[in-house]
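Architecture and fold: a report
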Amino acid sequence: MSSAIPPIHLGERHAPIPVGPLTGKRTALRRLLARSLATLNRTLDLLPPGRWLHRRIRRSLTLTDLQLPLRRGHHALNGLRIAFLSDIHAGSFMDASDLCAICERVAAAEPDLVLFGGDLVNTRERELLLFRQALPLLRPRLGMFAVPGNHDHFWGPDIGLWSAFLQELGVQVLLNRGVRVQHGEGSLWLCGVDDLTEGTPDLRAALLGRRTDEPAVLLSHHPDFFFEAAAADVELTLAGHTHGGQIRIGGRAPIHHSKFGYEQGWFEEAGCRLYVGRGVGVTVLPIRIDAPPEVPIVTLVRTPVPSRRVEQVVAAVRG
Ligand SMILES: [Fe+2]
């Protein structure tokens, strides 16, 4: 799939809404329910229908080509390509060989950056081990970066082990922090925040160090964090969490994961863009209907001002 111009859907305009009620820890009961469902799924995974579901999910994955025109930044950023993998849910009908196949496909697309948007695992810390062979297959020139999702927090109150494991495999964890990514003479501020529902996101900390002349790209597992990002003039927010509804009937998803309707695709607020990826894996139910898995690959477009136009502007200024 490819598109020269991003298919921007102007999101319904809202007054800034405080996100306070969305934050806070899930109850022990909800965690227990998620773990129980995961146990049921693991049992199904061992049966022949489980193997069929693995293959079905793997085969339906698409690499979605997107383009993002930049409002600021050096023209050297033109053509930089970002692969965005979210909601892999390793351990939920996603084993080590599935992960290797997915990473091989992404590596073949030769992105400059690989970003992980959270929910790398489903419910257990040992599910991270499934990434051991797969992650080294990705060798993007500018590195790999990740933020946690709600499921990455499920195994316990401390995200330190999760972070340490990924760091060891060459993935930098952007837990409320940012880094400058240099691309030729251009640079962008790449940052990430903790999960909105299970963690403690801090955008101010993530943007510390950003220069006004460079675009900022933010990783946030939950798309509803986009309000805060747009208010801070973040050029691009990449989010997941919704799985595009995962199960859509008649074009609508019965279960909503975004209070603001950020279910899938492009949205815009105040000139800032959000892309909500449908994600790679599944959770709770081992099926997807009308919401195929995807890995968006975003190409940054920053065209230099034509020299003739520069001369006209200079002439106009000189009078
Ligand atoms: Fe997810």
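In what follows, the accompanying structure is described.

Rules and cut-offs
Residues numbered from 1 in each chain as written. Predicted model: local features only at pLDDT ≥ 70, side-chain atom pairs only at ≥ 80, totals over all residues. Helix = DSSP H or I, 4+ residues; strand = E, 2+ residues; numbered from the N terminus. Buried ≥ 20, exposed ≤ 12 C-beta atoms within 10 Å, placed from the backbone. Contact = placed C-beta atoms within 7 Å. Pairing = 2+ DSSP bridges. Core = buried A, V, L, I, M, F, W, Y, C linked by C-beta atoms within 7 Å. Axes fitted to C-alpha atoms, helices over the stretch in contact; angles between N-to-C directions.

**Re the overall build of the protein**
Summing up its helical and strand segments, the protein has seven helices and 13 strands in all. Relative to its full complement of 319 residues, the protein shows a buried share of 44%. Residue pairs at least 24 apart in sequence account for 79% of intrachain contacts in the protein once pairs closer than 6 positions are excluded.

**Some points on the environment of R72**
With respect to the helices and strands, R72 occurs in the loop between β2 (62-69) and β3 (81-85). Note on R72: 15 C-beta atoms within 10 Å, which makes it partly exposed. Counting along the chain gives 116 residues from R72 to L188, while the straight-line C-alpha distance between them is 9.7 Å. If we skip the residues at most four places from it in the chain, R72 touches D213, E214 and P215.

**Some points on the pairing of strand β11 (residues 265-269)**
Inspection of the sheet shows β11 paired to strand β12 (residues 272-276) by five bridges, in the antiparallel sense. Note on β12: the bridge partner recorded for E268 is R273. The turn joining β11 and β12, which pair antiparallel and follow one another in sequence, is formed by two residues; a positive phi near 50° is taken by A270.

**A word on the environment of P69**
Within the secondary structure, P69 is located in strand β2. Sequence spacing of P69 and T299 is 230 residues, and the spatial spacing of their C-alpha atoms is 8.6 Å.

**Here we look at the nonpolar core**
Membership of the largest hydrophobic core comes to 75 residues, with the highest contact counts inside it found for L85, L115, A146, L218 and F226. Residues contacting L85, with those up to four places away along its chain left out, are V106, V114, F116, G117, V280 and V295.

**Here's the deal with the sheet that holds strand β4 (residues 113-116)**
Judged by pairing direction, the sheet is mixed, and its six strands sit side by side in the order β2-β13-β3-β4-β5-β6 without closing on themselves. With one partner strand each, in any of the chains shown, β2 and β6 (171-173) form the two edges of the open sheet. Mean inter-strand twist for the sheet, computed between neighbouring axes without regard to direction, equals 25°. In the sheet, β4 pairs with strand β5 (residues 144-146) via three bridges, with the strands oriented parallel. Paired with F116 across the bridge in β5 is A146.

**Observations regarding the pairing of strand β8 (residues 186-192)**
Counting buried residues along β8, six of its seven residues qualify, which places the element largely inside the surrounding structure. As paired elements, strand β7 (residues 177-183) and β8 share seven bridges and run antiparallel to each other. From the neighbouring strand, G178 faces β8, where its bridge partner is C191. Turn length for the β7-β8 hairpin, with the two strands adjacent in sequence and antiparallel, is two residues, and the turn residue G184 shows positive phi of about 60°. Both β8 and strand β9 (residues 216-219) contribute to a ladder of four bridges, which runs parallel. Counted as the bridge partner of G192 is L219 from β9.

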